[in-house]
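Chain by chain, the residues:
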Amino acid sequence: MKAVIEREELVRGIQAVLDIVPSKSTLPVLSNILVHASPDGIELSATDLDISIVCGVSGKVEEPGSTTVPARKFSEIVRELPDETITVVAEENKVTIERQAGLEGTYVLMSVPAEDFPELPVEIDGPEMNFGGGDEDGGLSGDLLGDMISKTVFAVSRDETRPVLNGVLWQVREGRTTMVATDGHRLVKFSKTLQGPEGKQVVTEAIVPPRALNHVLKLVSGGSRLQKVAFGQNHLMFELIDSEDFDGDGGEDIRLFTRLIEGPYVDYEQVIPTGNSKRMYITNSALAPAVRRVSILASSQTHQVRIELGQNQVELSANSQEIGGEAKESLDARYEEDAMAIGYNAGYLLDILRRIESDEVVFELDCAVTAGIIRPVDQAEGEDYLCLLMPLRLSE
Amino acid sequence: MTESRTILHLDLDAFFCAVEVIRDPSLEGQPFAVGGTPEDRGVVASCSYAARKFGVRSAMPMGQALRLCPGLKVVSHHGGYGSYSKKVMVLLDAVTPYVEQISIDECFIDVTDIDAPANTVARRIQRRIQDELRLPSSLGGATSKLVAKIATNVGKDRAQTDGWPNAVLIVPPGEERAFLAPLPVRAMWGVGPKMAERLEAQGIRTLADLQCLGDDALVARFGSTGRKFHAHACGIDERGVEPGGEAAKSISHETTFAEDLHEAGRLHAVLLRLSQLVGRSLRDGGLTCRTVTIKLRWSDFKTITRRVTFRDGTDLDHDLYRAAKRLFDNAWQPGQRVRLLGVGASQLSDGGQQLSLWQSGDDRDHRIQAALDTLRDRFGGGKTRWGQELNQRGFVAEEDDDAWWEADA
């Protein structure tokens, strides 16, 4: 195999796949990147067996072939090189990285034959969701999908005893798509109406591991454009195009495949309360910093912040016996119901407040031991973001 | 440097026996033992001083005790020991708030603030417990908990009497090292028979040997424990008396059976009862726990502990029991004989229990638990039992007879 690639382009490709390379694995070849050069182009691939990624890299293939190279060292070397043309040559058990066709220097790495690399999924057979036009034609853009991910993925459970909660539930229904995540302490749900052209929508759902979603989020925020998502039986495929290179005749594409978590998901609708009649409206930009400050003196075990609701006023307080301190702050709020006190884990509360863009938030409450609903007051057309938070039982 | 403290250690002499003498004064001076009968393969839970002269000791099989002392009278557990223990603590509380109970029959008392010589204070306390509760006790006094406890034991050993030792031994400040020096290593708190053997194998027989060896040599041989050995052998122990005992770190209840148990039903019933006691202690203290530990001692004295940590804290009896039962069922082979069972709660937190979305929304579990607690307070535990306990009615003790789960005297 011999391929000539611009250093900048190779760095882009390595960066797209490097996060998927497991840092520790029982299968040593997984710490390598698969380099495949064919007359159709050059592809870099990585997998941890749950998530696989294939990234196209533009360059000139002088001799088709495949090999695998140790990912981290390959990445370090290429990153340290100046912007120039690099030649990657694979021979029997080694890969040579040549600067300017070997004129200025060579780096040789031991390689593992490509045949030892696990076979990766190529295509997904199932309903597809296209992301071409984004908001302009009422469909879902990659940016909005990224927004949905970042507003839900944080609440995914890490408790391995209930695997179904270790992923984000992604539902696509007629006219609406929804993501839900919960760990039993909080539940977040973000949905968005879809007005795509008739007949183009899919009706499906999947429980997606957060690592895959986070990687998609990273690619999207790095400038890649989401093209398509294919929902398979056991896998989901995200297809993206690197927009930096997008010059009209199609940039290099990235395909990310993730294994799905076997369902069914919990019946989440059932735990969303419908009778929370006490409403407290408060300014997020005042509340979030106050929670952060007060929680400095909260118990390091429970992170409990006590919220005392009075007539148009809220008092936050925390105390810690270990530190031997207490904190109190009063804030203006709109609340006209009976006085009540409720305790929350400050970390959980901040996780939610930080993802609400609206400056006014509303807490819909019932009593001190049942789930409270926190929502943004102002939401974009067709969007619905709902956060459910279970309180801490306040000590007497 | 902090001012030196005066700490007393109090030990109720042959506590279970002393309580039995109050119940039946004819036992006074007799060789007798509290525990299970030899027919039931019972063991000695506590024995009178008259019996000790024949070589009878706690934890000895009753059959063996009878062979050593053919005239030994066997008294079965009557229970109620806990209430006597509480009376002692109430009495001590009137002397000073600085009382740390460490077991049913032992406690530390910090008497630094009492303006009288330690010996006088100790004798005064001993006399009040004898006069008001008719319980004999021995006390040791020193500048630290460690030396005070050792002083009690040394004082008891030195008591030249056939009856209750009623000993008081005070180690004056500055004389700790000299007092400890001639004692065998096993006299030291924290040195069990195995460690004593290890030390003796290295030629370390007395605390003087430990004192001479010095810090570095002991650390080289025993790691960080070595440093503790050296400090303790020199009488250095910075731990203060903590009123309320170790409640801040863990809560546990355990029971040694007078006869080993091997039936799942009975063992589960004991686990349930222990879980309830732990749960009640948690709720009384306004605490929740995240870790549940069980302790199991098999008939061959081999002891194991198993623990599980929840994601969320709890103070509910049935959560504790469910966890304890699961741990037990994983550790126990059907038919295996169990000598001791214990349930403990740790990773405690005062309030702030994170509620879960999957809990019944109306907080039903806590309301049921509170109702049960109220019933138990009003009518005693015997009136409110779970279905499982009712099946074991013949076995589960009545509420006022709570001694079967308490530690040996």
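Residues numbered from 1 in each chain as written. Chains lettered and ligands numbered in written order. Predicted model: local features only at pLDDT ≥ 70, side-chain atom pairs only at ≥ 80, totals over all residues. Heavy atoms only, no water.

Points about the sheet that holds strand β10 (residues 287–298) of chain B
Residue and element names in this part refer to chain B.
Move 1: Taken together, the four strands give an open sheet; going across it, the order is β9-β12-β10-β11, and neighbouring strands pair in antiparallel fashion. The open sheet is flanked by β9 (250–261) and β11 (303–314), the only strands paired with a single partner. Sheet twist, expressed as the mean angle between neighbouring strand axes with direction ignored, is 15°.
Move 2: In the sheet, β10 pairs with strand β12 (residues 338–350) via 11 bridges, with the strands oriented antiparallel. Following the sheet pairing, Lys295 is matched in β12 by Gly342. (Pairing = 2+ DSSP bridges. Helix = DSSP H or I, 4+ residues; strand = E, 2+ residues; numbered from the N terminus. Axes fitted to C-alpha atoms, helices over the stretch in contact; angles between N-to-C directions.)

Details of the packing of helix α9 (residues 207–222) of chain B against helix α10 (residues 224–233) of chain B
Residue and element names in this part refer to chain B.
Move 1: One way to put it is that α9 packs onto α10 with a least axis distance of 7 Å and a crossing angle of 160°. Classed by the angle they form, the pair α9 and α10 counts as roughly antiparallel. Here α9 runs over α10; the crossing is left-handed. Residues Leu207, Leu210, Gln211, Gly214, Asp215, Leu218, Val219 and Phe222 of α9 pack against Ser224, Thr225, Gly226, Arg227, Phe229, His230 and Ala233 of α10.
Move 2: Here the contact of α9 with α10 is composed, by residue class, of seven nonpolar, six polar and two charged. (Parallel < 35°, antiparallel > 145°, perpendicular 65-115°, else oblique. Left-handed = near helix turned anticlockwise from the far one by under 90°. Contact = heavy atoms within 4.5 Å. Nonpolar A, V, L, I, M, F, W, Y, C, P; charged D, E, K, R; others polar.)

Points about unusual backbone geometry
Move 1: That bond from A:Gly263 to A:Pro264 is cis: its omega, 0°, falls within 30 degrees of zero.
Move 2: Its identity is not glycine, yet B:Asn166 carries a phi of approximately 45°, on the positive side.
Move 3: The residue B:Asn166 is located in the loop between α6 (145–158) and β8 (168–170) in this model.
Move 4: Residue classification places B:Asn166 among the partly exposed residues on the basis of a relative accessible area of 27%.
Move 5: In this model, B:Gln347 sits at a positive phi of 55°, which is unusual for a non-glycine residue.
Move 6: Judged by its relative accessible area of 35%, B:Gln347 is partly exposed. (Buried < 20%, exposed > 50% of the residue type's maximum accessible area, 1.4 Å probe, protein only.)

Focus on the sheet that holds strand β5 (residues 99–103) of chain B
Strands belonging to one sheet form pairs held by backbone hydrogen bonds; the direction of such a pair is parallel or antiparallel.
Residues and elements named next belong to chain B.
Move 1: Ordered in space as β5-β6-β1-β7-β8, the five strands form an open sheet in which the pairing is mixed. Sheet topology places β5 and β8 at the edges, where each strand pairs with a single neighbour. The mean inter-strand angle of the sheet, taken between neighbouring strand axes irrespective of direction, is 15°.
Move 2: The sheet contact formed by strand β1 (residues 7–12) and strand β7 (residues 137–142) spans six bridges and is antiparallel. If you follow Leu12 over to β7, its bridge partner there is Ser137.
Move 3: The strands that helix α4 (residues 81–95) touches are β1, β5 and β6 (106–110); relative to β5, the one it contacts most, it runs at about 160°.

Quick look at the interface of chain A and chain B
Move 1: Chain A puts 26 residues into the contact, and the matching count from chain B is 17 residues.
Move 2: Contact between chain A and chain B buries roughly 1,800 Å² in total, counting both sides, with carbon and sulfur atoms accounting for 53%.
Move 3: Remark: the boundary between chain A and chain B carries zero salt bridges.
Move 4: Where chain A packs against chain B, one counts four residue pairs in polar contact (both at pLDDT 80 or more). (Buried area = accessible area lost by both parts, 1.4 Å probe. Salt bridge = Lys/Arg side-chain N within 4 Å of Asp/Glu carboxyl O. Polar contact = N/O pair within 3.5 Å; in protein donor to acceptor, adjacent residues only side chain to side chain.)

Topic: helix α2 (residues 71–80) of chain A
Move 1: Looking at α2(A), one finds that the buried residues are A:Ala71, A:Phe74, A:Ser75, A:Ile77 and A:Val78. Taken down its axis, α2(A) places every buried residue within 165° of arc, on the same side. (Arc of directions from axis to C-beta.)

A short note on the nonpolar core
Move 1: Of all hydrophobic cores here, the largest spans 102 residues; its most connected members are A:Ile33, A:Trp170, A:Phe238, A:Leu316 and A:Phe363.
Move 2: Setting aside residues no more than four positions away along its own chain, A:Leu316 makes contact with A:Leu287, A:Ala290, A:Val291, A:Val294, A:Val305, A:Arg306, A:Ile307, A:Ala327, A:Lys328, A:Glu329 and A:Leu331.
Move 3: One finds B:Leu10, B:Tyr49, B:Val121 and B:Leu139 within the second-largest nonpolar core, a separate group that totals 37 residues. (Core = buried A, V, L, I, M, F, W, Y, C linked by side-chain atoms within 4.5 Å.)

A look at empty space enclosed by the protein
It is the rolling of a water-molecule-sized probe over the atoms that shows where space remains empty.
Residue and element names in this part refer to chain A.
Move 1: Taken as a whole and judged by the stated rule, the model has two cavities of 30 Å³ or more.
Move 2: For the second largest cavity, the calculated volume is near 30 Å³.
Move 3: In terms of lining, the second largest cavity is formed by Val11, Ile14, Gln15, Ser75 and Arg79.
Move 4: Mapped onto the lining of the second largest cavity, the elements with two or more residues apiece are α1 (7–18) and α2.
Move 5: The residue makeup of the lining of the second largest cavity, split by class, is two nonpolar, two polar and one charged. (1 Å grid on protein atoms, 1.4 Å probe; cavity = no way out; pocket = protein on both sides within 12 Å on 5 of 7 lines; lining within 4 Å. Points joined across faces, edges and corners; volume = space filled by probe spheres on them.)

Side note on the side chain of A:Glu84
Residue and element names in this part refer to chain A.
Move 1: Here Glu84 shows up in the loop between α2 and β7 (85–91).
Move 2: A polar contact of 2.8 Å, which involves the side chain of Glu84, links it to the side chain of Arg99.
Move 3: In contact with Glu84, other than residues within four places in its own chain, are Ile5, Glu6, Arg7, Arg99, Gln100 and Glu104.

Here's the deal with the packing of aromatic side chains
Residues and elements named next belong to chain B.
Move 1: All chains considered together, the criterion is met by nine aromatic pairs over all chains.
Move 2: Taking 6.1 Å as the distance between ring centres and 55° as the angle between the ring planes, the aromatic pair formed by Phe15 and Phe16 counts as tilted. The pair Phe15 / Phe16 is uniform in exposure class, with both members buried.
Move 3: Between the aromatic rings of Phe328 and Trp332, the centroid separation amounts to 5.2 Å while the plane-to-plane angle is 20°, which identifies the pairing as stacked. (Phe/Tyr/Trp six-rings, centres within 6.5 Å; stacked < 30°, edge-to-face > 60°.)

Things to note about the confidence of the model for chain A
Move 1: Chain-level pLDDT for chain A is 89 on average; 93% of the residues reach the 70-or-more range.
Move 2: Taken as a whole, residues 245–249 of chain A scores under 50 in pLDDT and shows six contacts with residues more than four places along the chain or in a different chain. (pLDDT = per-residue confidence, 0-100.)

Brief notes about the packing of α4(B) against helix α5 (residues 118–133) of chain B
Residue and element names in this part refer to chain B.
Move 1: The N-to-C vectors of α4 and α5 enclose an angle of 135°; their axes lie 11 Å apart at closest approach. With respect to α5, the axis of α4 lies oblique. Like other packed secondary-structure pairs, α4 and α5 cross with a definite hand, here right-handed. On the side of α4, the interface is formed by Lys87, Val88, Leu91, Leu92 and Val95, while α5 contributes Ile125, Arg128, Ile129, Glu132 and Leu133.
Move 2: Among the residues making up the contact of α4 with α5, the classes are represented as seven nonpolar, no polar and three charged.

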